[in-house]
Amino acid sequence: QVLLVESGGGLVQAGGSLRLSCAASIGTFSNYGMGWFRQAPGKEREFVAAISRSGGSTLYADSVKGRFTISRDNAKNTSYLQMNSLKPEDTAVYYCGAPRPGPLPMTNLKYAQQYNDWGQGTQVTVSS
């Protein structure tokens, strides 16, 4: 059984930073690519960033490229999302997700339907 727990959300002023963490209880963490998505009120869940199993490859939504950095520590079974230069439009519930284990094309990790398991989400609110 996979358990993902996000933390690190909160209220921050525009231009500020937050670091989200996703702690995974999962078979072998390094077998899983990981992704971060977000969902604002009244909107669909959207892709934010993804990272390959080894951490050697990353993928970002255009809206966060250059501001957000995804990383992982396979020894700690944890994925991170460093968010800098935050904007009010970044306000959303942020979710980490795990797709099926094994190799996947990085481009597949952009799509929510590729993910089998999700955390409960953590709220990020950016005030103007």
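Data block above holds the structure.
What counts and how
- Residues numbered from 1 in each chain as written.
- Predicted model: local features only at pLDDT ≥ 70, side-chain atom pairs only at ≥ 80, totals over all residues.
- Heavy atoms only, no water.
- Buried < 20%, exposed > 50% of the residue type's maximum accessible area, 1.4 Å probe, protein only.
- Helix = DSSP H or I, 4+ residues; strand = E, 2+ residues; numbered from the N terminus.
- Pairing = 2+ DSSP bridges.
- Core = buried A, V, L, I, M, F, W, Y, C linked by side-chain atoms within 4.5 Å.
- Contact = heavy atoms within 4.5 Å.
- Disulfide = S-S within 2.5 Å.
- Salt bridge = Lys/Arg side-chain N within 4 Å of Asp/Glu carboxyl O.
- Phe/Tyr/Trp six-rings, centres within 6.5 Å; stacked < 30°, edge-to-face > 60°.

Asker: Describe the pairing of strand β11 (residues 122-127), listing the residues and the values that go with them.
Answerer: Only one face of β11 is covered, namely the face carrying Thr122, Val124 and Val126; the face carrying Gln123, Thr125 and Ser127 is uncovered. Sheet analysis places strand β2 (residues 10-13) next to β11, joined by four bridges and oriented parallel. Opposite valine 12, over in β11, you have valine 126 as the bridge partner. Inspection of the sheet shows strand β9 (residues 92-99) paired to β11 by three bridges, in the antiparallel sense. Note on β11: the bridge partner recorded for valine 93 is glutamine 123.

Asker: Break down the nonpolar core for me, citing the residues and quoting the values.
Answerer: In terms of nonpolar packing, the biggest core is built from 36 residues, with Met34, Trp36, Val48, Phe68, Leu81, Met83 and Tyr94 touching the most fellow members. Secondary structure elements with two or more residues in this core: β3 (18-25), β4 (34-39), β5 (46-51), β7 (68-73), β8 (78-83), β9 and β11. Top element by residues in this core is β5. It accounts for five residues. Setting aside residues no more than four positions away along its own chain, methionine 34 makes contact with Leu4, Cys22, Phe29, Ala49, Ala50, Ile51, Ile70, Arg72, Ser79, Gly97, Ala98 and Tyr115.

Asker: Lay out the state of the cysteines in plain terms, naming residues and giving numbers.
Answerer: Applying the stated rule across the entire model yields one disulfide. Covalent S-S linkage joins cysteine 22 and cysteine 96, the inter-sulfur distance amounting to 2.0 Å. Here cysteine 22 and cysteine 96 share a disulfide; its torsion about the S-S bond, 55°, makes the bridge right-handed. With cysteine 22 in strand β3 and cysteine 96 in strand β9, the pair connects residues that are 74 residues apart, well separated along the chain.

Asker: Which residues make up the pattern of salt bridges, and what values go with them?
Answerer: Per the stated rule, a full pass over the model turns up four salt bridges. Among the salt bridges present, the one from aspartate 90 reaches arginine 38, with a minimum N-O distance of 2.9 Å. One end of the pair, aspartate 90, is in the loop between β8 and β9; the other, arginine 38, is in strand β4, and 52 residues separate them in sequence. Considered together, aspartate 90 and arginine 38 belong to a single accessibility category, that of buried residues.

Asker: Please give an account of the packing of aromatic side chains that cites residues and values.
Answerer: Any aromatic ring pair is given by two values, namely how distant the centres are and how the planes are angled relative to each other. Tallied over the entire structure, the rule returns four aromatic pairs. Note on phenylalanine 37 and phenylalanine 47: the rings are 5.6 Å apart at their centroids and 75° apart in plane angle, and the pair reads as edge-to-face. Taken together, the residues span a long stretch of sequence, with phenylalanine 37 in strand β4 and phenylalanine 47 in strand β5 at a distance of 10 residues. The two residues phenylalanine 37 and phenylalanine 47 agree in class, both being buried.

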